[in-house]
Amino acid sequence: MLLRLRRGTSEPAVSDVAARLRLAGLALHRTDHDGQVRLAAVGDGTAVDWDEVRRWPAVESAERIEAPFKLASRAFHPADTVISVGRCAIGSQQLVLMAGPCSVEGEEQAFTIAAAVAKAGATVLRGGAYKPRTSPYSFQGLGEEGLKILRRAADAHGLAVVSEVMDPEHVEQVARYADIVQVGARNMQSLSLLREVARAQKPVLLKRGMAATIEEWLMSAEHVLSNGNRQVILCERGIRTFESYTRNTLDLNAIPVVQELSHLPVIVDPSHGTGMRDKVAPMARAAIAAGADGLLVEVHHDPDHALSDGPQSLYPAQFTELVQQIRAIAGVVGRTL
Ligand code: PEP
Ligand code: MN
């Protein structure tokens with residue numbers, strides 16, 4: 001249920017409403033909108049007499065939140081959520097560009113790519129230290145050593161860091177080095193991982209599972225939100241379809257659909273979305289034109305020798321050119337870079 005409290009309700013009266021509903025076994029989540037306190041009361045509310053609640057002096061209205069993703073819904077929080085990371089305000093008018101290698105491979109590689117993407121205009125350096133590879137014989141990432149390298153490379157160029165975490169027991173470690181903790185497509189429904197990243201109190205980049213519906217994706221976001229972390233950035237990275245000419249099918253429909261349903265920022269990863277270098281820029285441009293809040297792009301200075309995802313990685317010069325195009329499109333759709 002969504003309770004709107006009367007404007008001017010005192011803090012003790014807000015606490016009193018929340019406490020009374022908690023006694024009925026509900027969990028309470030607060031947001032303030034337009035000078036009004038809104039409380040989402042979630043859980044089994046069948047034993048509550050809602051008509052009586054509506055008569056409480058502090059309560060202006062109490063209505064059901066129809067969406068199953070209560071806290072991620074626009075009903076709970078009508079205004080866009082803006083997440084501050086380093087120099088970026090993700091979900092604001094300003095677009096965010098996250099770029100870097102698929103995997104951190106070493107000091108020289110990370111520093112070379114960090115310098116290139118920073119110069120081109122990215123503000124967040126990406127790079128995996130824990131890699132979810134299809135084959136157990138492929139490069140699995142450098143682990144903590146990779147995180148240290150990534151952090152140093154980012155700091156040298158004034159960039160923030162996003163990096164993936166695969167295991168709940170590594171969340172604390174990844175959160176120590178990264179500004180944004182990434183949950184990968186393969187782990188979108190790993191609920192123990194979602195609970196753990198919620199506790200980390202760092203922004204979470206939640207990739208859409210490759211076979212997940214938009215509703216399932218938002219329900220995963222709900223796991224993070226309901227466990228106390230409101231800083232979720234959604235990332236569309238392509239879904240599995242019958243099409244085989246591209247690695248995945250980038251679902252650009254998801255951008256306006258999510259933006260109607262949810263207040264959370266949504267960015268697009270055209271690298272995994274296409275799997276092919278020459279398809280990355282067209283889909284990146286389309287994503288921004290469609291209203292995405294930013295991009296996550298794989299860039300490598302020597303993609304032929306990359307330890308993962310070389311074929312979909314842009315050369316630094318291609319990324320630089322793409323940023324210029326994105327800047328032009330941003331102006332058309334009322335965004336800045
Ligand atoms: C990645 O970002 O390198 C990655 C593994 O992405 P996804 O989880 O979308 O496959
Ligand atoms: Mn990758």
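The structure presented is a predicted model; accordingly, all values stated were derived computationally and were not measured. (Residues numbered from 1 in each chain as written. Chains lettered and ligands numbered in written order. Predicted model: local features only at pLDDT ≥ 70, side-chain atom pairs only at ≥ 80, totals over all residues. Heavy atoms only, no water.)

Quick word on the overall build of the protein chain
Piece 1. Along the protein chain, the regular secondary structure elements total eleven helices and 14 strands.
Piece 2. Against the globule reference of 20 Å for 337 residues, the protein chain gives a C-alpha radius of gyration of 21 Å, in line with a compact fold.
Piece 3. Taken over the C-alpha atoms alone, the protein chain extends approximately 65 × 45 × 40 Å along its principal axes.
Piece 4. Going through the 337 residues of the protein chain one by one, you find that 55% of them count as buried.
Piece 5. In the protein chain, the proportion of contacts linking residues at least 24 apart, taken out of those at least 6 apart, comes to 68%.
Piece 6. For the protein chain, the accessible surface area stands at approximately 14100 Å², while carbon and sulfur atoms represent 52% of it.
Piece 7. Within the protein chain, the 39 negative side-chain charges are centred at a point lying 2 Å from the centre of the 36 positive side-chain charges. (Helix = DSSP H or I, 4+ residues; strand = E, 2+ residues; numbered from the N terminus. Rg over C-alpha atoms; globule rule 2.2 N^0.38 Å. Buried < 20%, exposed > 50% of the residue type's maximum accessible area, 1.4 Å probe, protein only. Contact = heavy atoms within 4.5 Å. Areas by Shrake-Rupley, 256 points an atom, 1.4 Å probe, with all protein chains shown as cover. Lys, Arg positive; Asp, Glu negative; His and termini not counted. Charge placed at Lys NZ, Arg CZ, Asp CG, Glu CD.)

Quick notes on the coordination of the manganese ion (ligand 2)
Piece 1. Around the manganese ion (ligand 2), the protein supplies C102 (SG), H272 (NE2), E298 (OE) and D309 (OD) as donor atoms, at distances of 2.0 to 2.4 Å.
Piece 2. The motif formed by the donor residues of the manganese ion (ligand 2), counted along the single chain, is C-x169-H-x25-E-x10-D. Here C102 is found in the loop between strand 7 (96–100) and helix 3 (107–120), whereas its partner E298 is found in strand 14 (residues 294–298), with 196 residues between them in sequence.
Piece 3. For C102, a relative accessible area of 3% corresponds to the buried category. (Donors = N, O, S within 2.8 Å, 3.2 Å for Na, K, Ca; no water.)

A closer look at the domain arrangement of the protein chain
Piece 1. As far as domains go, the protein chain holds domain 1 (2–63) and domain 2 (83–332).
Piece 2. With centres defined by C-alpha atoms, the gap from domain 1 to domain 2 works out at 37 Å. (Domains from an automatic or database assignment.)

Digging into helix 4 (residues 144–156)
Piece 1. In this model, helix 4 (13 residues) spans 18 Å end to end at C-alpha, consistent with the 18 Å of a helix rising 1.5 Å per residue.
Piece 2. Those residues of helix 4 not exposed but buried are G146, L147, I149, L150, R151, A153 and A154.
Piece 3. Against the buried residues of helix 4 lie helix 3, strand 8 (124–126), strand 9 (160–164) and helix 5 (171–177). (Expected span 1.5 Å × (residues − 1).)

Brief notes about the pairing of strand 10 (residues 180–183)
Piece 1. The side-chain alternation of strand 10 yields two buried faces, one formed by I180 and Q182 and the other by V181 and V183.
Piece 2. In this region the chain leaves strand 9, passes through helix 5 and returns to the parallel neighbour strand 10; the handedness of that crossover is right-handed. (Right-handed = clockwise from strand over helix to strand, strands pointing away.)

Section: the sheet that holds strand 1 (residues 2–5)
Piece 1. Ordered in space as 2-3-1-4, the four strands form an open sheet in which the pairing is antiparallel. Each of the sheet's edge strands pairs with one partner strand only, and the pair in question is strand 2 (27–33) and strand 4 (59–63). Here the strands of the sheet are splayed against their neighbours by 20° on average, with no regard to which way each runs.
Piece 2. Note: strand 1 against strand 4, four bridges, orientation antiparallel. Bridged to R4 within strand 4 is S61. (Pairing = 2+ DSSP bridges. Axes fitted to C-alpha atoms, helices over the stretch in contact; angles between N-to-C directions.)

So, the environment of M219
Piece 1. Structurally, M219 can be placed in helix 7 (residues 214–226).
Piece 2. Owing to a relative accessible area of 30%, M219 belongs among the partly exposed residues under this scheme.
Piece 3. Linking M219 and Q189, residues 30 residues apart in sequence, is a C-alpha distance of 9.0 Å.

Here's the deal with the nonpolar core
Piece 1. Judged by nonpolar contacts, the single largest core of 77 residues is most densely connected at V117, V197, L206, W217, L234, L295 and F319.
Piece 2. Both of domain 1 (2–63) and domain 2 (83–332) provide at least three residues apiece to this core.
Piece 3. With residues near it in sequence (within four places) discarded, W217 still touches M188, L206, K207, R208, L234, C235, E236, A254, V258 and V266.
Piece 4. Formed by 19 residues, the second largest nonpolar core is a distinct cluster that contains V14, L26, W56 and A62. (Core = buried A, V, L, I, M, F, W, Y, C linked by side-chain atoms within 4.5 Å.)

Thoughts on the environment of I214
Piece 1. Looking at where I214 falls in the secondary structure, it is placed in helix 7.
Piece 2. The class for I214 is buried, based on a relative accessible area of 15%.
Piece 3. The spatial distance from the C-alpha of I214 to the C-alpha of G331 is 28 Å, given a sequence separation of 117 residues.
Piece 4. Discounting chain neighbours no more than four positions away, the residues touching I214 are R208, D251, A254, V257, V258 and L261.

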